[in-house]
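# Survey of secondary and tertiary structure
Read off the chains here:
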Amino acid sequence: MNGATSDAGRDWVHGAIDALEREAARSADTHLLKIDLPGFPGIDVYFKDEAAHPTGSLKHRLARSLYLYALCNGRLREGQAVVDASSGSTAIAEAWFARLLGLCFTAVMPACTAPAKIRAVEALGATCDLVDDPATVRTRARAHAVAGACDLDQFGLAERATDWRGNNNIAESILGQLAREPHPRPAWIVCGAGTGGTSATIGRYLRYRRLPTRLCVAEPLGGAFARGWRAHDADACASRSTVIEGIGRPRVEPGFLFDIVDRVVEVPDAASIAAMHLLEALLGRRYGGSSGTNFVACLRLAAAMRARGECGSIVSLLCDRGERYAETLFDPGWLAARALDAAPWRAALLACIDDGGWREP
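Attention here is on the structure that accompanies the text. Note that this is a predicted model, so its numbers are computed, not measured.

### Focus on the pairing of strand β2 (residues 43–49)
Burial within β2 is extensive, with seven of its seven residues counted as buried. As paired strands, strand β1 (residues 32–35) and β2 are joined by four bridges and run antiparallel to one another. In the sheet register, I35 faces β2, and the bridge partner there is V45.

Next comes the structure, spelled out in structure tokens:
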């Protein structure tokens, strides 16, 4: 490579980083919403609305970080194709940033991904490479990388691409927004785990700030992260599949850090779906299934706090827009075809909200 070519390449990288930083400067922080639950006096529950990002999910932050990481590590050059494995929300965000940078992007996605997510990726000018077996998405993405694409590799790099010490990461933002609330240092922060990057960022930041706040991972029943965390087994695999997209990985991903997670709460799919509908009733707009998973875990933690006579706050995340699941999780016919009946869980969760006692149908 001659000097002129090298300088031109450096100029493009600098311009790409400038574009990402300008986008970050234009972006407002997401709201922290408080939900009033009659059965939990003295326990405040908040949700950070990550669905408000321009690309509709908490993965907007991750996608920006992954592109910055690739650029600053010399892995991404002008005109290079980009690829990643994703069940949808990360792919939408990565496609959006690829268009911003003038790059071609391919999302390797399970064929069972919600159709609205696939359409959203394609509407941004990207390509979807659909695979029948969700466990093979990373292998297919690596094949694209062998052919010359830059693999953003959210599952391998998420926990290191995000600046966990600060720089407006999600944990720093939550604590800043809680500063004037009655319980500014939450008892729990609850999040799901897909790559493990969000839980790693939050857990590390809590330790860095020397806070008493504990971290809970909300996981679909039988998920690999739950099984791996209990046994401290990085090779653990899920014992069952889930319809909750974005979390509930088939195996433990390398970005999941066991030792900074204080508890894992497993949530049946029907409970997540019931909670997803309750969030719509409480907040006036739809959110996806993983937000419902988080809500169930929050109620379990709040019920345990109430039983012990504790006061405090619990914070979780609204992960993505529910409109993406109109043809799946919000479709009664789709649910019936999979024998998913959320009605018993809806009754149990409503009772919990009303009297503060945890019960299962």
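### With respect to the packing of helix α7 (residues 170–177) against helix α8 (residues 197–208)
Each pair of packed helices can be summarised by the angle the axes make with each other and by the distance between the axes. Relative to each other, α7 and α8 sit at 60°, their axes nearing to 8 Å. Judged by the angle between their axes, α7 and α8 are oblique. Contacts from I170, A171, E172 and L175 of α7 reach α8 at T201, I202, Y205 and L206. Considering only residue class, the contact of α7 with α8 consists of six nonpolar, one polar and one charged.

### Some points on helix α3 (residues 89–101)
With 13 residues, α3 should reach 18 Å at 1.5 Å per residue; the first-to-last C-alpha distance of 19 Å fits that figure. Listed in full, the buried residues belonging to α3 are S89, T90, A91, I92, A93, E94, A95, W96, F97, A98 and L101. In the segment just after α3, G102 is the residue with positive phi, at about 75°.

### A few points about the packing of aromatic side chains
Under the counting rule described, the total for this entry stands at eight aromatic pairs. Ring geometry for W96 versus F97: centroids 5.0 Å apart, planes at 85°, classification edge-to-face. When the ring of Y205 is compared with that of Y208, the centres are 6.4 Å apart and the planes differ by 50°; the resulting orientation is tilted. One end of the pair is Y205 and the other is Y208, both in helix α8 and three residues apart, which spans about a single turn. On the accessibility criterion, Y205 (3% relative accessible area) is buried. Here the aromatic residues Y67, W96 and F97 are joined through ring pairs into a cluster of three or more.

### Quick notes on the side chain of T30
Here T30 lies in the loop between α1 (3–26) and β1. Separated by 3.0 Å, the side chains of T30 and K48 make a polar contact. Of note is the side chain of T30, whose polar atom sits 2.6 Å from the side chain of E50. The residues touching T30, leaving out its near neighbours within four places in the chain, are K48, D49, E50, A52, H53, R61 and Q177.

### Quick look at the layout of surface pockets
A volume near 830 Å³ is recorded for the largest pocket. Lining the largest pocket we find 47 residues, and of these S87, I244, E245, G246 and I247 sit closest to its centre. Breaking the lining of the largest pocket down by element, the ones donating at least two residues are α3, α4 (115–123), α6 (154–161), β7 (188–192) and α8. By residue class, the composition of the lining of the largest pocket is 20 nonpolar, 20 polar and seven charged.

### Thoughts on the nonpolar core
Nonpolar side chains in soluble globular proteins generally cluster together in the buried interior. If you look at the biggest cluster of nonpolar residues, it comprises 48 residues, and the most contacted ones within it are F295 and I314. Grouped together as the second largest cluster of nonpolar side chains are 36 residues, W12, L76, F105 and A107 included.

### Some words on the packing of helix α10 (residues 269–283) against helix α11 (residues 289–307)
Relative orientation of the contacting elements α10 and α11 amounts to 95°, with a least axis distance of 7 Å. In terms of orientation, α10 and α11 fall into the roughly perpendicular class. Across the interface between the two elements, A271, S272, A275, M276, L278, L279 and L282 from α10 touch G289, S291, G292, T293, F295 and V296 from α11. Each residue belonging to the contact of α10 with α11 can be placed in one class, and the counts come to eight nonpolar, five polar and no charged.

So, how was this worked out
Sequence positions are assigned chain by chain, starting from 1 and proceeding in written order. Local features in this predicted model are restricted to residues whose pLDDT is 70 or higher, and side-chain atom pairs enter the listing and the counts only when it is 80 or higher, whereas totals over whole chains, interfaces and linings include all residues. Hydrogen atoms and water are omitted, and side-chain values are computed over all heavy atoms in the structure. For each residue, the accessible area found with a 1.4 Å probe, counting protein chains only, is set against the maximum for its type, and the residue is called buried under 20%, exposed over 50%, and partly exposed in between. Numbered from the N terminus, helices here are DSSP runs of H or I no shorter than four residues, and strands are runs of E no shorter than two. Two strands form a pair only when DSSP identifies at least two bridges running between them. Axes here refer to lines fitted to C-alpha atoms; in helices the fit is confined to the stretch in contact. Angles between the N-to-C directions go from 0 to 180 degrees. Between 65 and 115 degrees an angle is taken as roughly perpendicular, under 35 as roughly parallel, over 145 as roughly antiparallel, and anywhere else as oblique. Here a residue-residue contact requires only that any non-hydrogen atoms of the pair lie within 4.5 Å. Note on residue classes: Ala, Val, Leu, Ile, Met, Phe, Trp, Tyr, Cys and Pro are nonpolar, Asp, Glu, Lys and Arg are charged, and everything else, Gly too, is polar. To estimate how far a helix should extend, the number of its residues minus one is multiplied by 1.5 Å. Pairing of aromatic side chains here covers Phe, Tyr and the six-membered ring of Trp, requires ring centres within 6.5 Å, and sorts the geometry by plane angle: under 30 degrees stacked, over 60 edge-to-face, intermediate tilted. Side-chain atoms alone can form a polar contact between residues adjacent in sequence; in general such a contact is a pair of N or O atoms within 3.5 Å, and within protein one must be able to donate a hydrogen while the other accepts it. Any residue with an atom within 4 Å of a point lines the site, the site being either a cavity, points on a 1 Å grid over the protein atoms alone where a 1.4 Å probe fits but cannot get out, or a pocket, an open set with protein on both sides within 12 Å along at least 5 of 7 lines. Grid points are joined across faces, edges and corners, and a volume is the space filled by probe spheres set on the points. We call a set of buried residues a nonpolar core when its members are Ala, Val, Leu, Ile, Met, Phe, Trp, Tyr or Cys and they connect through side-chain atoms within 4.5 Å of each other.

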